[in-house]
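Examination of the molecular architecture
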Amino acid sequence: MMGTMGKGVKGRERVSQSADRRLGRGACRGAGGRLLLASLALGICLLAAGCTAQQPDIFRPGGSAGEEIRQLALQIFIILSVVLATVWALLAFVVLRYRRRPESEASQTRGNLKIEIVWTLIPAVIIVVLFILTVRTTQDLALPDSGAQFTVVGHQWWWEFDFADQGFATANEVHVAARRQVSADVVSTDVIHSFWVPQMGGKVDMIPGRVNRVSFVPLEEGRYLGECAEFCGAQHGKMRFLFVVDSPEEFSAWVRAQQQPAAVPEGAEARAGAAVIATVGCGGCHAVHGTSLEGTFGPDLTHFGSRGGIGAWALTNTPENLLTWLQDPQAVKPECLMPRVALPLAQQKQLVAYLEELQ
Ligand code: CUA
């Protein structure tokens with residue numbers, strides 16, 4: 001799956017990344033071509049619907065660090081290809097030229113000092129060249145320190161993006177402006193996680209009690225998948241986020257929208273849901289700014305309806321999936337800290353209507 005996500009497509013129309021991955025794995029494992037074909041067909045349908053974020057692809061970088069790392073990888077690949085081709089060519093020559101003839105016996109000679117020196121020097125020079133290229137790239141990756149614009153907090157198993165200076169926080173989805181340096185502090189509240197948007201650049205560990213900094217310049221506008229790159233427990237595989245590179249104007253609009261308090265519900269169902277959510281304890285963990293919900297333990301839900309995923313992209317954000325999630329989060333994401341919302345179905349549906357209106 002190499003699709004780019006249609007920029008205008010609403011989050012809820014996107015297809016679950018986990019579904020894509022299952023697709024990919026199914027295709028690899030399948031004994032027959034039928035499964036592969038079915039997967040391809042479904043993949044093409046998804047592409048046609050323009051409904052998925054770019055699959056992480058380190059060969060198509062969208063940021064400065066990713067591009068430099070790709071170039072380094074390419075240089076090393078070319079150098080080592082030349083080495084491999086040379087060795088194979090010499091090997092083939094020797095095998096053909098000096099193959100055993102019935103009457104001959106191999107001449108027995110001792111080591112040749114000149115040759116020993118030559119084939120020690122050649123690899124040493126190659127290693128030194130690779131070392132210089134790597135160090136140079138590593139130096140280029142270090143951008144000037146311009147202070148962090150936001151803080152990324154790793155939780156088991158979701159992402160918090162805290163824009164303290166702008167007065168808002170969001171979860172599992174973050175926007176940045178293209179062609180401007182992004183610098184973020186990365187921290188963790190529980191175990192070691194690792195911040196990674198493969199097309200932007202390398203991984204940065206998120207370590208409890210320590211503040212690390214990640215910096216790069218996003219170059220290509222688009223929607224990218226971010227993921228946790230350090231095993232962090234049962235749901236490490238379902239700890240993903242959407243990383244959106246906007247034009248500077250779109251980014252400013254996104255910030256302004258995030259700063260707004262929660263939308264006042266309009267539909268009857270949603271209004272009923274607003275009354276329900278205030279009474280069932282969601283506010284113990286979640287915040288919905290402009291209401292009585294002020295929890296900070298779980299994801300901020302103020303603009304939940306505008307986001308594409310549920311439970312760090314365990315599910316895509318559709319009303320049906322949200323109902324599934326509320327009814328039994330442990331079935332979707334075992335060991336996550338979200339408890340089931342034990343309410344009659346009618347009230348669960350009111351909650352769904354309310355949350356989806358929080359655009
Ligand atoms: Cu967090 Cu792996």
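Remember, predicted model here, so these are calculated numbers, not experimental data.

The subject of this paragraph is the overall build of the protein. Looking only at helices and strands, one finds 9 helices and 12 strands in the protein. Intrachain contacts of the protein at a sequence separation of at least 6 include 68% that bridge at least 24 residues. Accessible surface computed for the protein: about 19,500 Å², of which carbon and sulfur atoms make up 62%.

Looking at where Asn317 falls in the secondary structure, it is placed in the loop between β12 (315-316) and α7 (319-327). A residue is classified by how much of its surface remains accessible, and Asn317, at 0% relative accessible area, is buried. A distance of 2.8 Å separates a polar atom in the side chain of Asn317 from the backbone oxygen of Arg307.

Here we come to the nonpolar core. Ranked by internal contacts, the top residues of the largest apolar core, which has 58 residues, are Phe150, Val152, Trp159, Phe161, Phe195, Phe243 and Trp325. Those residues in contact with Val152, other than ones at most four positions away along the chain, are Trp159, Glu160, Phe161, Ala184, Asp185, Val186, Val187, Phe195 and Met206.

Moving on: the sheet that holds strand β1 (residues 150-155). In spatial order, the strands read β3-β2-β1-β5-β8; together these 5 strands make up an open sheet with mixed pairing. With partners counted over all chains shown, the strands left at the sheet margins are β3 (168-171) and β8 (212-216), one partner each. On average, adjacent strands in this sheet sit at an angle of 25° to one another, irrespective of strand direction. Across 4 bridges, strand β2 (residues 158-163) lies against β3 in antiparallel orientation. Residue Phe161 lies in a different strand from β3, and its bridge partner there is Thr170. Across the face of the sheet, helix α5 (residues 248-259) comes into contact with β2 and β3 while running at roughly 100° to β3.

With the rule as written, the count across this model stands at 12 aromatic pairs. Ring centres 4.7 Å apart and planes at 10° place the aromatic pair Phe163 and Phe168 in the stacked group. With respect to burial, Phe163 and Phe168 carry one shared label: buried. Three or more aromatic residues joined by ring pairs form one cluster here, namely Phe150, Trp159, Phe161, Phe163, Phe168, Phe195, Phe241, Phe251 and Trp254. Over the face of the ring belonging to Tyr98 we find Arg97, whose NZ or CZ atom lies 5.0 Å from the ring centre.

With that out of the way, let us pick up the environment of Gly201. As for its position among the elements, Gly201 is in the loop between β6 (193-196) and β7 (204-206). Not counting chain neighbours up to four residues away, the residues in contact with Gly201 comprise Ala65, Gly66, Ile69 and Trp196.

Sheet analysis places β6 next to β7, joined by 3 bridges and oriented antiparallel. The partner of Ser194 across the bridge, within β7, is Asp205.

By the criterion of burial, strand β10 (residues 240-246) is predominantly enclosed, with 7 of the 7 residues buried. Side chains Arg240, Leu242, Val244 and Asp246 project from β10 onto one buried face, and the interleaved Phe241, Phe243 and Val245 project onto a second face that is buried too. The pairing of strand β4 (residues 173-177) with β10 spans 5 bridges and is parallel. Within β10, the position partnered with Val174 by the bridge is Phe243. As judged from the 6 bridges shared by strand β9 (residues 222-228) and β10, these two strands associate in the antiparallel manner. Considered in β10, the bridge of Gly226 is made with Phe241.

Before going further, it helps to examine the pattern of salt bridges. For the coordinates displayed, the defined rule picks out 5 salt bridges. Three or more residues are tied together by salt bridges with common partners; here these are Asp145, Asp185 and Arg213.

Before going further, it helps to spend a moment on the sheet that holds β4. Within the open sheet, the 5 strands sit side by side as β4-β10-β9-β6-β7. Their pairing is mixed. Looking at which strands have only one partner, the edges of the open sheet turn out to be β4 and β7. Neighbour to neighbour, the strand axes of the sheet diverge by 25° on average, direction disregarded. Contacts between α5 and the sheet are confined to β4 and β10, with β4 contributing the most and set at about 135° to the helix.

Before going further, it helps to examine a nonpolar patch on the surface. The grouping of Leu84, Val87, Trp88, Leu91, Val95 and Leu96 at the surface amounts to a nonpolar patch, some 630 Å² of accessible area in total. Position of Val87 among the secondary structure elements: in helix α3 (residues 64-97).

Attention shifts here to the packing of α7 against helix α9 (residues 345-356). Between α7 and α9, the shortest axis-to-axis distance is 10 Å and the interhelical angle comes to 125°. With respect to α9, the axis of α7 lies oblique. Remark: the crossing between α7 and α9 carries right-handed chirality. Note on element contacts: α9 touches α7 through Leu345, Gln348, Lys349, Leu351, Val352, Leu355 and Glu356, opposite Pro319, Leu322, Leu323, Leu326 and Gln327. Class assignment of the residues belonging to the contact of α7 with α9 gives a composition of 8 nonpolar, 2 polar and 2 charged.

Procedures and definitions
Residues numbered from 1 in each chain as written. Predicted model: local features only at pLDDT ≥ 70, side-chain atom pairs only at ≥ 80, totals over all residues. Heavy atoms only, no water. Helix = DSSP H or I, 4+ residues; strand = E, 2+ residues; numbered from the N terminus. Contact = heavy atoms within 4.5 Å. Areas by Shrake-Rupley, 256 points an atom, 1.4 Å probe, with all protein chains shown as cover. Buried < 20%, exposed > 50% of the residue type's maximum accessible area, 1.4 Å probe, protein only. Polar contact = N/O pair within 3.5 Å; in protein donor to acceptor, adjacent residues only side chain to side chain. Core = buried A, V, L, I, M, F, W, Y, C linked by side-chain atoms within 4.5 Å. Pairing = 2+ DSSP bridges. Axes fitted to C-alpha atoms, helices over the stretch in contact; angles between N-to-C directions. Phe/Tyr/Trp six-rings, centres within 6.5 Å; stacked < 30°, edge-to-face > 60°. Lys NZ or Arg CZ within 6 Å of the ring centre and 35° of its normal. Salt bridge = Lys/Arg side-chain N within 4 Å of Asp/Glu carboxyl O. Patch = residues over 30% accessible without salt bridge, like charges linked within 9 Å, V, L, I, M, F, W, Y side chains within 5 Å. Parallel < 35°, antiparallel > 145°, perpendicular 65-115°, else oblique. Left-handed = near helix turned anticlockwise from the far one by under 90°. Nonpolar A, V, L, I, M, F, W, Y, C, P; charged D, E, K, R; others polar.

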